[in-house]
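# Coordinate analysis (summary)
Spelled out, the chains give:
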Amino acid sequence: MKKWVKKLCAAILMTCMLGTVSGTAAAAEEADQKVIPFPLQQEAEEELQKEVSAFEITAKHREMAAENEAGYPVLDAGRGNPNWINTQSRYALTRFMNFAIEECENDFSKGSMAGHAIQEGIGERFDKAMDPDDKTDAFLIDMIQYCTDTLGLDKDVLLKELADAVIGDYYPSPSRCLPCTETILNAYLQSALYHGVDLAAETQIFPTEGGSAAMVYIFEALSHNRLLKAGDQIAIATPIFTPYLEIPSIKNYGLVSIDISSTEEDNWDISEEELAKLEDPSVKAFFLVNPSNPASRALSQRTLERLKQVVEKNPDLIILTDDVYGTFAEDFQTVYSVLPYNTILVYSFSKLYGVTGWRVGLIAMNKENVCDRLLSELGEEDKTVLKKEYSIITPDPEELKFLDRVVADSRAIGLYHTSGLSTPSQAFMDMMALTHLVYAEEDPYIELANEMVEERYHTLMETLDLPADDEDQNTQYYTLLNLRALVKKHYGKDFVKWLSKNRTDLDILNDLAEKKGVVLMYGPGFSAPKGTVRISLANLNVGDYAEIADRLIELMDEYYKEYEEEMAAEPAA
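Worth saying up front: this structure is predicted, and the values here are computed from it rather than measured.

## Re the overall build of the chain
Across its full length, the chain holds 24 helices and 14 strands. The proportion of buried residues among the 573 residues of the chain is 55%. In the chain, the share of contacts with a sequence separation of at least 24, taken over all contacts with a separation of at least 6, comes to 74%. In the form shown here, the chain has an accessible surface area of approximately 24200 Å², with 50% of it arising from carbon and sulfur atoms.

Rendered as structure tokens:
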């Protein structure tokens, strides 16, 4: 049996054993006030969280749900990947692929073999091949015209780059990002995330195999280049995507993590007291997801302005922000547009465009940034070691910018010539970005995606008879549901005390999967408060969320019946 499976079984067993232990009267009063479980139950679940991640727990729940006692269809609201796709970018990619193959055959064609696209005259041949009455062709025509008229790209150069990219017969060159792709992606970020701040011309981009790869590459390069050393403190905005909690503790980075916590009472924004922790110069980096996962809240303007003050007091602070959910928040503004010198931006197309399987994301950094300055200030011994390592890829290793070091480190330096995201993937990113840019003033696709998650969110909350949070900062892509607060509203505080003594959070999630076929995610696995679960509003249809709410209430009714029977038997005892 695999080691993690043994740990999972042991931890769940301990949780179940402790789930029936009664707490003290004081703890019961605390549960009444704060709606949290009892200390021994907390200890059991914290022990579980040390051993396995929330995603491994959810994987076990999927197995349980598949054979649920009620025989219900499985409703898995644990997954974050959407159940929709963007069709326009995919039609455009496949249509342009056909055009590119024809261009290769124009070079030469022998059986199933063809040559390469030729740049000279490719623009004229493109115009001739496209049918303006065809929906996909019309978009490709508009797309190329936008790139030439608005972005200033040369038509033949652009079409040659795109043709070579979709064919995929060359390594990416430059390794970091194809030239036209960088211009297109910069325009997309400018439109979607910067909130009117003009940074496109001064931003460099490294496309990666999704946002998770971007994070791994960044941490590796920060460590390798001595910008983060063993014993350094990094701050992590919590609650947060579970694997991001684990990165600093793996690979012997030896980093010390401190929580910058947000709470439901503060609408999941970061309080003044928590932000003040970042002013300490011993905090070397600040890592956040904005809008957050699992709370789905974007940082407020107050917090963005306060971060400026933080950096004035801690000018060496490296800020790393993952903005994958940015387009789901009204009037979103990334931290990068507020503090471009100190911020590394990570973005992924996965959630908005339904491309989690493609693994397409990016790293964006300002041409003038704190990492490059800190590299120049390293001690001579560190500089000498790094100079020797990077000298195999450049004659001027000391001039190599941090982002280019990220690219080199992604292939252990020695395989730098093979680094970079696959060119077909970069071409697909172009297509997705341009579906937005061509219609940026009123992007119907983004509006539709936002309306879809909003409808699902409202259906869930209405069925649970809970108030909806419709503030602009709430993306409604996920929601953190406080189970004990829900129980208190529907059944009263005495039942909350009983439930806290008789069921842990994991007991409830286990029963929900095993008895009702519903899979939700364990909130504390994201460093969210005890008693919370994360529900994804992205991967099921509207009616399914009403059904999830009904099954959850059905389970609570069963618990309540057990409570009533126990209460009725008490006088006779």
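## Focus: the nonpolar core
If you look at the biggest cluster of nonpolar residues, it comprises 108 residues, and the most contacted ones within it are Phe96, Tyr188, Leu189, Phe349 and Phe402. Discounting chain neighbours no more than four positions away, the residues touching Phe96 are Phe126, Leu140, Leu159, Leu162, Ala163, Val166 and Met431. Among the nonpolar cores identified, the runner-up in size contains 36 residues, and Leu75, Leu466, Leu520 and Leu552 belong to it.

## Considering the packing of helix H5 (residues 87-107) against helix H7 (residues 135-149)
Between H5 and H7, the shortest axis-to-axis distance is 9 Å and the interhelical angle comes to 85°. As far as their axial angle goes, H7 and H5 are roughly perpendicular. On H7, the residues touching Gln88, Tyr91, Ala92, Arg95 and Phe96 of H5 are Thr136, Asp137, Phe139 and Leu140.

## Some points on the sheet that holds strand E11 (residues 478-482)
The three strands are arranged E11-E14-E13 in an open sheet whose pairing can be described as antiparallel. For this open sheet the edge positions go to E11 and strand E13 (521-522), each flanked by a neighbour on one side alone. Sheet analysis places E13 next to strand E14 (residues 532-536), joined by two bridges and oriented antiparallel. Across the sheet, residue Tyr522 finds its bridge partner in E14, namely Val533. Contacting E11 and E14, helix H21 (residues 483-491) crosses the sheet at an angle of about 60° to E11.

## Thoughts on the sheet that holds strand E6 (residues 256-261)
Read from one edge of the open sheet, seven strands run E4-E10-E9-E8-E7-E5-E6, paired in mixed fashion. Only two strands of the sheet have a single partner each, and these edge strands are strand E4 (203-208) and E6. Adjacent strand axes in the sheet meet at a mean angle of 20° when their direction is disregarded. Inspection of the sheet shows strand E9 (residues 343-348) paired to strand E10 (residues 361-366) by four bridges, in the antiparallel sense. Following the sheet pairing, Val346 is matched in E10 by Ile363.

## Remarks on H5
Taking 1.5 Å per residue, 21 residues should reach 30 Å; H5 reaches 31 Å between its end C-alpha atoms and fits that length. Listed in full, the buried residues belonging to H5 are Ser89, Ala92, Leu93, Phe96, Phe99, Ala100, Glu103 and Cys104. Down the axis of H5, the sector holding all buried residues measures 145°, keeping them to one side. Packing partners of the buried residues in H5 comprise strand E3 (113-114), helix H6 (122-129), H7, helix H8 (155-167) and helix H19 (423-437). N-cap assignment for H5: the residue whose side-chain oxygen lies 3.4 Å from the backbone N of Gln88 is Asn86.

## Thoughts on the packing of aromatic side chains
Applying the stated rule across the entire model yields 27 aromatic pairs. Judged by centre distance (6.1 Å) and plane angle (20°), the rings of Phe206 and Tyr217 are stacked. Of this pair, Phe206 sits in strand E4 while Tyr217 sits in helix H10 (residues 210-224); the two residues are eleven residues apart in sequence, bridging distant segments of the chain. What makes Phe206 buried here is its relative accessible area of 1%. The exposure class of Tyr217 is buried, given its relative accessible area of 14%. Ring pairing ties together the aromatic residues Trp84, Tyr325, Phe328, Tyr477 and Tyr478, which thus form one cluster.

## Let's talk about unusual backbone geometry
With an omega dihedral of 0°, the bond running from Ser173 to Pro174 counts as a cis peptide bond. For Pro174, the position within the fold is in the loop between H8 and helix H9 (179-193). Put simply, Asn290 and Pro291 share a cis peptide bond, and its omega is -5°. Its place among the elements puts Pro291 in the loop between strand E7 (283-289) and helix H13 (301-313). For Asn267, which is not glycine, the phi torsion reads 55° and is therefore positive. Despite not being glycine, Asp331 has its phi angle at roughly 55°, a positive value. The residue Asp331 is located in the loop between strand E8 (318-322) and helix H14 (335-338) in this model.

## Topic: a negative patch on the surface
A contiguous patch of negative charge on the surface is contributed by Glu441, Glu442, Glu447, Glu451, Glu454, Glu455 and Asp470. Examined against the element boundaries, Asp470 turns out to sit in the loop between helix H20 (444-463) and E11.

## Brief notes about the pattern of salt bridges
Counted according to the given criterion, the structure contains 29 salt bridges. The shortest N-O distance in the salt bridge between Lys160 and Asp164 comes to 3.1 Å. Of this pair, Lys160 and Asp164 both sit in helix H8, four residues apart, which is roughly one turn of that helix. Take Asp164: its relative accessible area is 17%, and that puts it in the buried class. In this structure, Glu562 engages Arg503 in a salt bridge whose closest nitrogen and oxygen atoms are separated by 2.7 Å. Placement of Glu562 in helix H24 (residues 542-569) and of Arg503 in the loop between helix H22 (493-502) and helix H23 (505-516) is noted, with a sequence separation of 59 residues between them. Overall, Glu562 belongs to the partly exposed group, its relative accessible area being 31%. Salt bridges linked by common partners bring Glu272, Glu279, Arg306 and Lys313 together as one network.

What counts as what
Residues numbered from 1 in each chain as written. Predicted model: local features only at pLDDT ≥ 70, side-chain atom pairs only at ≥ 80, totals over all residues. Heavy atoms only, no water. Helix = DSSP H or I, 4+ residues; strand = E, 2+ residues; numbered from the N terminus. Buried < 20%, exposed > 50% of the residue type's maximum accessible area, 1.4 Å probe, protein only. Contact = heavy atoms within 4.5 Å. Areas by Shrake-Rupley, 256 points an atom, 1.4 Å probe, with all protein chains shown as cover. Core = buried A, V, L, I, M, F, W, Y, C linked by side-chain atoms within 4.5 Å. Axes fitted to C-alpha atoms, helices over the stretch in contact; angles between N-to-C directions. Parallel < 35°, antiparallel > 145°, perpendicular 65-115°, else oblique. Pairing = 2+ DSSP bridges. Expected span 1.5 Å × (residues − 1). Arc of directions from axis to C-beta. Polar contact = N/O pair within 3.5 Å; in protein donor to acceptor, adjacent residues only side chain to side chain. Phe/Tyr/Trp six-rings, centres within 6.5 Å; stacked < 30°, edge-to-face > 60°. Patch = residues over 30% accessible without salt bridge, like charges linked within 9 Å, V, L, I, M, F, W, Y side chains within 5 Å. Salt bridge = Lys/Arg side-chain N within 4 Å of Asp/Glu carboxyl O. Lys, Arg positive; Asp, Glu negative; His and termini not counted. Charge placed at Lys NZ, Arg CZ, Asp CG, Glu CD.

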